[in-house]
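Given next are the chains, with one letter for each unit.
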Amino acid sequence: MADLKSAFLKVYSQLKSELLEDPAFEFTDDSRQWVDRMLDYNVPGGKLNRGLSVIDSYRLLKEGKELTEDEIFLASALGWCIEWLQAYFLVLDDIMDNSHTRRGHPCWFRVPKVGLIAVNDGVLLRNHICRILKNHFRCKPYYVDLLDLFNEVEFQTASGQMIDLITTIEGEKDLAKYSLSKHRRIVQYKTAYYSFYLPVACALVMSGENLDNHVDVKNILVDMGIYFQVQDDYLDCFGNPETIGKIGTDIEDFKCSWLVVKALEMCNEEQKKLLHENYGKPDPVNVAKVKALYNELNLKGAFEEYESKSYEKLVTSIESHPSKAVQAVLKSFLGKIYKRQK
């Protein structure tokens, strides 16, 4: 895994060098240094799971055949396109949410002298994806399919972000807007398509597959993405901050979390009143009351039941897929997230 990651990071360096010498723009030293620093700050800093998944998935689809250096490079380049897409979303998300830190460092727009230049940097990050695809895939028969795929997933993610933002407009905090179906819609569009479907779709396209023939794979991966987000929501409240690497603030932030929509479904009128009065307030006393209600309702038990049912349903769907190679890809994804603690 360490070897795979270091080889993957070498591809990042190559792609970055190409972008910094892009003939479509005459760089000055200042502009080249800005983009260089902006990329290093925002693109390679995460866990890189989405990007590495493209290589993993492609390898499994090839059913044990040794990959050529060119295949590894191209799968890595597509993986990096997903990491660039993620960076673009996060840079802009952090501005919208007025966040302070990301991956243990100040958000990019909080860095001295960056400020709202970060908005344009987000636009640049999005455009870099098209440049990378043009540089390395223009002559491939599936070039247009890749462009379509990235455009569609970006549209779905931005639309999911919109539902999330308009549901939590400041001054209009209303828990009545929250439901399991609303939670599912936000997660499906905002997270599941780009985090779960996109890496596998890239590998399928590179293998010469037509994505229209793999709607069942998309549906399974979207369900997996929703399950992953429910785990995230659960860990935000019940996880160990030292294990997950952050202190959860979903209650204070009035997030449309699975826990709150599940609680609303299970509450009596008195408990519902308590939730309405305390949810979305920054005071630790309010937060403690919400957590106490979650324990009273045994949301841990509700989550464990949800987890086992989701897992069984996903395994059944995966095992009914006709292709053993596709099954292997999906099982590999599920294995990484089932019962995770962080």
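No experiment lies behind these values; they were computed from the predicted model shown. (Residues numbered from 1 in each chain as written. Predicted model: local features only at pLDDT ≥ 70, side-chain atom pairs only at ≥ 80, totals over all residues. Heavy atoms only, no water.)

**Observations concerning the overall build of the protein**
Step number 1: Summing up its helical and strand segments, the protein has 14 helices and two strands in all.
Step number 2: Relative to the compact-globule value of 20 Å for 342 residues, the protein shows a C-alpha radius of gyration of 21 Å, a close match.
Step number 3: With the C-alpha coordinates aligned to their principal axes, the bounding extent of the protein is approximately 65 × 55 × 35 Å.
Step number 4: Counting over 342 residues, the protein shows a buried share of 49%. (Helix = DSSP H or I, 4+ residues; strand = E, 2+ residues; numbered from the N terminus. Rg over C-alpha atoms; globule rule 2.2 N^0.38 Å. Buried < 20%, exposed > 50% of the residue type's maximum accessible area, 1.4 Å probe, protein only.)

**Quick notes on the packing of helix α2 (residues 29-42) against helix α5 (residues 117-137)**
Step number 1: Relative orientation of the contacting elements α2 and α5 amounts to 80 degrees, with a least axis distance of 11 Å. By the angle class used here, α2 and α5 are roughly perpendicular. For the pair α2 and α5, contact is made by Trp34, Val35, Met38 and Leu39 and by Ile117, Asp121, Leu124, Leu125 and His128, respectively.
Step number 2: Class assignment for the residues of the contact of α2 with α5 results in seven nonpolar, one polar and one charged. (Axes fitted to C-alpha atoms, helices over the stretch in contact; angles between N-to-C directions. Parallel < 35°, antiparallel > 145°, perpendicular 65-115°, else oblique. Contact = heavy atoms within 4.5 Å. Nonpolar A, V, L, I, M, F, W, Y, C, P; charged D, E, K, R; others polar.)

**Digging into the packing of aromatic side chains**
Each aromatic ring pair is characterised by the separation of its centres together with the angle its planes make.
Step number 1: The tally for this structure, following the rule as stated, stands at 21 aromatic pairs.
Step number 2: Measuring from centroid to centroid gives 5.2 Å for Phe89 and Tyr194, while their planes differ by 70 degrees, and the two rings are edge-to-face. A residue pair is termed long-range when its members are at least 10 positions apart, and Phe89 in helix α4 (residues 69-96) and Tyr194 in helix α7 (residues 180-206) qualify at 105 residues.
Step number 3: On the basis of relative accessibility, which here comes to 8%, the residue Tyr194 falls in the buried class.
Step number 4: Aromatic side chains Trp258 and Tyr306 sit 5.4 Å apart centroid to centroid with 45 degrees between the ring planes, which places their arrangement in the tilted category. You can see Trp258 sitting in helix α10 (residues 258-266) and its partner Tyr306 sitting in helix α13 (residues 299-319), a full 48 residues away along the chain.
Step number 5: Since its relative accessible area comes to 4%, Trp258 is described here as buried.
Step number 6: Among the aromatic residues, those joined into a ring-pair cluster are Tyr227, Tyr234, Phe238, Trp258, Phe303 and Tyr306.
Step number 7: Over the ring of Trp34 we find Arg37, and its NZ or CZ is 5.6 Å from the ring centre.
Step number 8: Here the guanidinium or amino end of Lys336 rests over the ring plane of Phe333, the centre of that ring lying 5.6 Å away. (Phe/Tyr/Trp six-rings, centres within 6.5 Å; stacked < 30°, edge-to-face > 60°. Lys NZ or Arg CZ within 6 Å of the ring centre and 35° of its normal.)

**Section: the domain arrangement of the protein**
Step number 1: Taken domain by domain, the protein consists of domain 1 (1-139) and domain 2 (143-341).
Step number 2: Once you take the C-alpha centre of each, domain 1 and domain 2 turn out to be 24 Å apart.
Step number 3: Facing the 28 residues of domain 1 at the interface are 27 residues of domain 2.
Step number 4: Both faces considered, domain 1 and domain 2 share a buried interface measuring about 2,500 Å² in area, 72% of it formed by carbon and sulfur atoms.
Step number 5: Three residues, Leu60, Leu61 and Phe89, lead the burial of domain 1 against domain 2; their summed loss comes to 21% of the area buried on that side.
Step number 6: Between the two partners, domain 1 and domain 2, sit two salt bridges.
Step number 7: Between Arg126 and Glu154 there is a salt bridge, with its nearest N and O atoms 2.4 Å apart. (Domains from an automatic or database assignment. Buried area = accessible area lost by both parts, 1.4 Å probe. Salt bridge = Lys/Arg side-chain N within 4 Å of Asp/Glu carboxyl O.)

**Focus on the state of the cysteines**
Step number 1: Enumeration over the complete set of coordinates arrives at zero disulfides.
Step number 2: Sulfur of Cys81: no disulfide; nearest cysteine sulfur belongs to Cys202 and is 7.4 Å away.
Step number 3: Given the relative accessible area of 0%, Cys81 is considered buried.
Step number 4: Cysteine Cys256 is unpaired, with the sulfur of Cys267 as its nearest cysteine sulfur at 15 Å. (Disulfide = S-S within 2.5 Å.)

**Digging into a nonpolar patch on the surface**
Step number 1: Taken together, the side chains of Met162, Ile166 and Ile169 make up a nonpolar region of the molecular surface, amounting to roughly 270 Å² of accessible area.
Step number 2: Looking at the secondary structure, you find Ile169 in the loop between α6 (143-167) and α7. (Patch = residues over 30% accessible without salt bridge, like charges linked within 9 Å, V, L, I, M, F, W, Y side chains within 5 Å. Areas by Shrake-Rupley, 256 points an atom, 1.4 Å probe, with all protein chains shown as cover.)

**Some points on the pattern of salt bridges**
Step number 1: Scanning the entire structure with this criterion turns up 15 salt bridges.
Step number 2: In this structure, the salt-bridge partner of Lys309 is Glu305, at a minimum N-O distance of 3.0 Å. Placement of the pair is Lys309 and Glu305 together in helix α13, with a separation of four residues, close to one helical turn.
Step number 3: Taking relative accessible area as the criterion, Lys309 reaches 52% and is therefore assigned exposed.
Step number 4: With relative accessibility at 44%, the residue Glu305 sits in the partly exposed group.

**Considerations on unusual backbone geometry**
Step number 1: The phi dihedral of Asn98 is positive, around 55 degrees, even though this residue is not glycine.
Step number 2: Positioned with a positive phi, Phe254 is a non-glycine residue whose angle comes to about 55 degrees.
Step number 3: With respect to the secondary-structure elements, Phe254 resides in the loop between α9 (241-244) and α10.

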